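Okay, here's what each chain looks like letter by letter:
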Amino acid sequence: MAFRLFSKSRQIDAMMKTATTMTVTQQQQLLYGSQIILQQKHVVPVRYFAKEAAPPVLKGDEMLKNIFLEIKKKYETAIEVLRKEKITIDPEDPAAVNQYAKVMKTVREKADLFSESQRVKHTIQTETQGIPDARTYLLTLKEIRIKRGLTDDLGAEAMMIDALEKVEKELKKPLMRNDKKGMAVLLAEFDQINKKLGIRKEDLPKYEEQLELKIAKAQLEELKMDAVEAMETQRKREEFKDEPVSETKSLDIRNFI
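Visitor: Account for the pattern of salt bridges, naming residues and giving values.
Guide: For the structure on display, the rule yields 13 salt bridges. For Glu70, the salt bridge goes to Lys74, with nearest N and O atoms at 3.5 Å. Here Glu70 pairs with Lys74, and both are found in helix H3 (residues 60–84), just four residues apart, close to one helical turn. Of the charged contacts in the structure, one is a salt bridge between Arg200 and Asp203, with a shortest N-O distance of 2.8 Å.

Here it is as structure tokens:
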């Protein structure tokens with residue numbers, strides 16, 4: 001059956017859209033593992049201004065034009081990669097999921113896009129810049145978690161707040177992030193929490209890889225549903241009603257881009 005109704009925009013949108021079906025535990029491991037950022041001084045590092053030290057003043061139309069051109073460039077870069085790489089729409093095949101994850105990694109690298117784990121880290125770094133005290137930092141992490149639709153099944157937030165209150169009780173004052181001695185005590189408490197939860201800093205790359213595979217599988221499942229829906233819709237048309245339905249894993253997306 002000709003796969004005419006599976007439009008280009010839906011294909012690319014499905015591929016580029018971040019899936020939301022990854023496990024809560026994996027995202028929490030990335031989120032809570034990022035607590036090492038607490039060690040940083042609350043002063044904004046110079047590197048954050050490295051590329052934008054003196055941004056030119058742009059008029060509204062010019063700014064919108066630049067944004068459009070940047071998005072267009074990223075889109076065209078993604079399309080270029082997807083036209084070359086073979087993708088098998090079979091979310092139940094580990095090899096197909098691995099291959100899809102590799103293709104999307106190539107897309108992100110060439111189009112300068114964030115992975116999900118990078119997006120989490122970037123969100124944390126951006127939204128916690130300039131926060132002077134540890135309590136506000138932890139509350140901001142909680143807000144990030146809620147915004148991303150995650151639940152604290154591990155109970156990590158309560159443990160971290162308890163640890164902070166313990167340290168602040170000993171200090172008899174709020175813990176500031178530039179208090180090296182106080183922060184060292186808090187981070188030691190966090191190390192114990194991480195150990196209890198089975199979260200190790202050296203395992204974060206493994207968690208990130210597992211997360212990307214979960215996302216890849218979820219995106220392939222979405223692609224499969226879109227493809228099946230398109231073929232079923234097409235089959236209702238009189239000229240295609242007698243044609244056999246193709247298996248999604250036999251389709252070559254490169255033929256429809």
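Visitor: I'd like a rundown of the nonpolar core, residues and numbers included.
Guide: Counting 19 residues, the largest nonpolar core has Leu138, Leu175, Leu186 and Phe190 as the members making the most contacts within it. Of all the secondary-structure elements, those providing two or more residues to this core are helix H5 (116–128), helix H6 (134–147), helix H7 (156–171) and helix H8 (180–197). Listed in part, the 15 residues of the second largest apolar core include Ile87, Tyr100, Ala101 and Leu220.

Visitor: Could you give an account of H7, naming the residues involved and the relevant values?
Guide: At 3.6 residues per turn, the α-helix brings residues three or four places apart onto the same side. Across its 16 residues, H7 extends 23 Å between first and last C-alpha, which sits within 8% of the 22 Å expected from 1.5 Å per residue. Just past H7, the residue Lys172 takes up positive phi, approximately 65 degrees.

Visitor: So what's going on with the packing of H7 against H8? Which residues, and what values?
Guide: In the contact formed by H7 and H8, the axes pass within 10 Å of each other and the chain directions differ by 150 degrees. Classified by the angle between their axes, H7 and H8 sit roughly antiparallel to one another. For the element pair H7 and H8, the recorded crossing hand is right-handed. The residues of H8 that touch H7, namely those facing Ala156, Met159, Met160, Ala163, Leu164, Lys166, Val167, Glu170 and Leu171, are Gly182, Val185, Leu186, Glu189, Phe190, Ile193, Lys196 and Leu197. Within the contact of H7 with H8, the residues separate by chemical class into 12 nonpolar, one polar and four charged.

Visitor: Before we move on, could you go through a nonpolar patch on the surface and cite the residues and values that matter?
Guide: Side chains of Met63, Leu64, Ile67 and Ile71 sit close together on the surface and give an oily, nonpolar patch of about 400 Å² of accessible area. Residue position: Ile67 is located in helix H3. Overall, Ile67 belongs to the partly exposed group, its relative accessible area being 43%.

Visitor: Go over the environment of Ile124 with me, naming the residues and quoting the values.
Guide: Along the chain, Ile124 turns up in helix H5. Assessed through its relative accessible area of 0%, Ile124 is described here as buried. Sequence-wise, Ile124 and Ile144 are 20 residues apart; in three dimensions their C-alpha atoms are separated by 7.5 Å.

Rules used throughout
Residues numbered from 1 in each chain as written. Predicted model: local features only at pLDDT ≥ 70, side-chain atom pairs only at ≥ 80, totals over all residues. Heavy atoms only, no water. Salt bridge = Lys/Arg side-chain N within 4 Å of Asp/Glu carboxyl O. Helix = DSSP H or I, 4+ residues; strand = E, 2+ residues; numbered from the N terminus. Core = buried A, V, L, I, M, F, W, Y, C linked by side-chain atoms within 4.5 Å. Buried < 20%, exposed > 50% of the residue type's maximum accessible area, 1.4 Å probe, protein only. Expected span 1.5 Å × (residues − 1). Axes fitted to C-alpha atoms, helices over the stretch in contact; angles between N-to-C directions. Parallel < 35°, antiparallel > 145°, perpendicular 65-115°, else oblique. Left-handed = near helix turned anticlockwise from the far one by under 90°. Contact = heavy atoms within 4.5 Å. Nonpolar A, V, L, I, M, F, W, Y, C, P; charged D, E, K, R; others polar. Patch = residues over 30% accessible without salt bridge, like charges linked within 9 Å, V, L, I, M, F, W, Y side chains within 5 Å. Areas by Shrake-Rupley, 256 points an atom, 1.4 Å probe, with all protein chains shown as cover.

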